[in-house]
Amino acid sequence: MAKKRKPKLAVWKFSSCDGCQLSLLDCEDELLAVAGAVDIANFPEASRAVAKGPYDISLVEGSITTPHEAERIHQVRRQSKLLITIGACATAGGIQALKNFKDVKDFISAVYASPEYIETLAKSTPIADHVFVDFELRGCPINKYQLVEVLNAFLNGRKPNTPAYSVCMECKRRGNICVMVAHGTACLGPVVHAGCGAICPSYNRGCYGCFGPKETPNTSSLAEWWKQLGVSEEDIVRGFRGFNAYADAFRKESELHEV
Amino acid sequence: MKSNRSIKVDYLARVEGEGSLTVKMKGGEVTDVKFKIFEPPRFFEAFLRGRKFSEAPDITSRICGICPIAYQMSSVHAMESIFGVKLDGQLRELRRLFYCGEWIESHVLHVYMLHAPDFLGYQDAIQLAKDYPEVVQKALRLKKIGNDIVTLIGGREIHPINVKVGGFYKAPTKKELTSLLNNLEWAKDVALETVKFTATLPFPEFEQDYEFVSLRHPDEYPFNEGRLVSNKGLDIPVREYENHFVEEHVEHSNALHSVLKNRGNYFVGPLARFALNFDRLTPLCQQAAREAGLGESCYNPFKGIIIRSIETLYAIEEAIRIINKYEMPDSPSVPLEIKAGTGHGCTEAPRGILYHRYTLDEKGNILNAKIVPPTSQNQKTIENDLREYVKRNINLPNDKLTWQCEQTIRNYDPCISCATHFLKLNIVQDEFVE
Ligand code: SF4
Ligand code: SF4
Ligand code: SF4
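Residues numbered from 1 in each chain as written. Chains lettered and ligands numbered in written order. Predicted model: local features only at pLDDT ≥ 70, side-chain atom pairs only at ≥ 80, totals over all residues. Heavy atoms only, no water.

Topic: unusual backbone geometry
In step 1: Between Gly53(A) and Pro54(A) the backbone carries a cis peptide bond, its omega angle lying at 0°.
In step 2: By the element assignment, Pro54(A) lies in the loop between strand 2 (39–42) and strand 3 (55–61).
In step 3: For the peptide bond that leads from Cys140(A) to Pro141(A), omega is 5°, which places it in the cis range.
In step 4: Phi at Asn204(A) is positive, roughly 65°, even though this residue is not glycine.
In step 5: Overall, Asn204(A) belongs to the partly exposed group, its relative accessible area being 42%.
In step 6: Even without being a glycine, His159(B) presents a positive backbone phi close to 50°.
In step 7: Assignment of secondary structure puts His159(B) in the loop between helix 6 (133–154) and strand 4 (163–164). (Helix = DSSP H or I, 4+ residues; strand = E, 2+ residues; numbered from the N terminus. Buried < 20%, exposed > 50% of the residue type's maximum accessible area, 1.4 Å probe, protein only.)

Re the sheet that holds strand 8 (residues 235–236) of chain B
All names here are of chain B.
In step 1: Across the sheet, which stays open at both edges, the three strands sit in the order 6-7-8 with antiparallel pairing between neighbours. Among the strands making up the open sheet, the edge pair consists of strand 6 (213–216) and strand 8.
In step 2: Alignment of strand 7 (residues 227–230) against strand 8, held across two bridges, turns out to be antiparallel. Bridge assignment links Leu228 to a residue of strand 8, and that residue is Ile236.
In step 3: The strands touched by helix 10 (residues 270–277) within the sheet are strand 6 and strand 7, with strand 6 carrying the most contacts at an inclination of about 50°. (Pairing = 2+ DSSP bridges. Contact = heavy atoms within 4.5 Å. Axes fitted to C-alpha atoms, helices over the stretch in contact; angles between N-to-C directions.)

Observations regarding the site of ligand 1
In step 1: Around ligand 1 lies a shell of 14 residues, among which Cys17(A), Cys20(A), Ala88(A), Cys89(A) and Cys140(A) are the nearest.
In step 2: More than one chain reaches ligand 1: its neighbouring residues belong to chains A and B.
In step 3: Mapped onto the shell around ligand 1, the elements with two or more residues apiece are helix 1 (19–25) and helix 4 (87–92) of chain A.
In step 4: In terms of residue class, the shell around ligand 1 is built from six nonpolar, five polar and three charged. (Near = heavy atom within 4 Å. Nonpolar A, V, L, I, M, F, W, Y, C, P; charged D, E, K, R; others polar.)

Points about the nonpolar core
In step 1: Judged by nonpolar contacts, the single largest core of 180 residues is most densely connected at Leu59(A), Leu97(B), Met113(B), Leu184(B), Phe274(B), Ile310(B) and Tyr358(B).
In step 2: Looking at this core element by element, the count peaks at 16 residues for helix 4 (residues 89–120) of chain B. (Core = buried A, V, L, I, M, F, W, Y, C linked by side-chain atoms within 4.5 Å.)

Topic: the site of ligand 3
In step 1: Surveying the vicinity of ligand 3 reveals the residues Val192(A), Cys196(A), Ile199(A), Cys200(A), Pro201(A), Cys207(A), Tyr208(A), Gly209(A), Cys210(A), Phe211(A) and Arg156(B).
In step 2: The residue makeup of the shell around ligand 3, split by class, is nine nonpolar, one polar and one charged.

What about the packing of aromatic side chains?
In step 1: Per the stated rule, a full pass over the model turns up 29 aromatic pairs over all chains.
In step 2: Judged by centre distance (5.8 Å) and plane angle (80°), the rings of Phe101(A) and Tyr246(A) are edge-to-face. Remark: Tyr246(A) occurs in the loop between helix 11 (233–240) and helix 12 (248–256) and Phe101(A) occurs in the loop between helix 4 and helix 5 (104–111); sequence separation between them is 145 residues.
In step 3: The interplanar angle of 70° and the centroid separation of 5.5 Å between the aromatic rings of Phe240(A) and Phe250(A) together place this pair among those described as edge-to-face. Note that Phe240(A) is positioned in helix 11 and Phe250(A) in helix 12, a separation of 10 residues in sequence. We note that Phe240(A), like Phe250(A), is buried.
In step 4: Each member of the aromatic cluster is reached from another via a ring pair, and the members are Tyr99(B), Trp103(B), Tyr221(B), Phe223(B) and Tyr314(B).
In step 5: Directly above the ring of Phe14(A) sits Arg72(A), whose terminal nitrogen or CZ lies 4.1 Å from the centroid. (Phe/Tyr/Trp six-rings, centres within 6.5 Å; stacked < 30°, edge-to-face > 60°. Lys NZ or Arg CZ within 6 Å of the ring centre and 35° of its normal.)

Written out as structure tokens, the structure reads:
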């Protein structure tokens, strides 16, 4: 009897730090099980071997920052049945989207001696601005258990269980003392997508938003709250302009506080 | 054999980031070697301008997902040098322990998952696991022990959140740390086995007269502090880095190469640290090195895999030592007095020295930043290795030579996404090769 073909998994990299795809190799307890359930067809960070597409699942890390990347993402989409973006770079443009608020020419000449060699787009954009994306997994980096959950869900034809509520919910559930109420520390938790398990408040610091905006975030109410804690307009801008600076809700709120 | 040959690897696998390799030969001579980086620039130095000093450890960690702690450590040390703060006691030890975690995790990843498959002829660790399941399972557990240290101190293994200029946001309790000890004892044995295992791999005969550069500390194997020294006479404090090292534009490549002024290329990373700090290793590590057939220094870059294993053993022993002596500090950080100035930081990332320089205004906002990661510093040496290696092995068939060239690059465990924010780029994927 013919054995059922294993689904082919591919991992692609655009402008990024490799941290999100590394999350897969950091699943020490699950890695061999994952490798047993799928056929890892393309994963350059881990393997020399490359199998031809089409691929059943493509994980895409990184944002689009060069003309070449803007073309390459279409090739990836064409070869992929399901395309899942992983991380803040891929879902919101990442930390490199900070250049979107400035003139990119100034950026190039600030870093490179011969700007003519640099081929870069004016903006760093998320993958969904370019092609249809089946599912977005947030975080900078993503949470590895969520990644395993997402793979598991798609391999079994169900919807992934990755809640869209805020970090505050996870924080409360963990029994943390609220750093904002108790210490007056600015925290983005109320408007940030859950997924990390509220790590920062558990370590006595405010959330800096690495999982990006939650669904329908009330950013203006939070900004008002921060002001009452004595946070300057400048710092509010910096607060919303972090690893998810170009996510719509954060971008708009930051622009409101620009002086 | 054809007199005109070329070796081309369009997308270099099992390194972090995107690079390619082109070697051209004519009539038995190597005419051109290019180890290129086509990773897009992400402009970290540019957008660090205007950010707060306190954001540097969170932001710069995102340059590289494999060694985020190195970025965090170099940045906090640079900032602290501006404010005139020096951590001591348990906080200093805690930073060392944190670095142990990163070394273990990163070295084990490289040794077993990225590099050992080369020597044994496998495409990757997952294929290796089919024939050697126990080896790979042990390796994964070993790697996880490094990650456990990082997660406990830092909150998570990639881009930890607990590093702060002046210390940490929260210090772990003694009990939390001692819970790691059992696993670390197990890890010590496995690391020792790893040294023995890597020593048996088939190494090409290949030695070069390198200038090794690393930190050197009066009584420790270097992580966070020390003077910058070399085996050819360099001996300077970190703040003088830019008086001695420059980035040069070389004709055959469109990438900037970091060189020592008036001297040329140099080598950073495990081989360099080992050669310059053998006397700072523990007796067990020294003995393991001798039994592995290494002297007090090693000039064969392929044997970097043995030295990574020895450094893994060192990091495990050091972690055990620190945890045994640990007492929770009264406060997780020291107070800071913010002021304007320029500061320098250099620490030993798993791949070699990582230099940061920042200038702050009186409010603590960053006016400018410069970051020189290990891969940028090794790039010229990598190309030299390739040129020499191909020259000496010109009679190998193309596929074999190609694989060994890739391996020559993987010896350095290069982090290409780190290298790009200061290298000039040239997109070469579609370059025409005759
Ligand atoms: S989202 Fe963060 S962790 Fe993931 S690739 Fe981008 S910078 Fe790295
Ligand atoms: S500490 Fe932050 S995440 Fe936790 S409850 Fe308070 S505001 Fe929400
Ligand atoms: S608390 Fe916020 S900043 Fe911290 S890890 Fe979670 S999402 Fe990221």
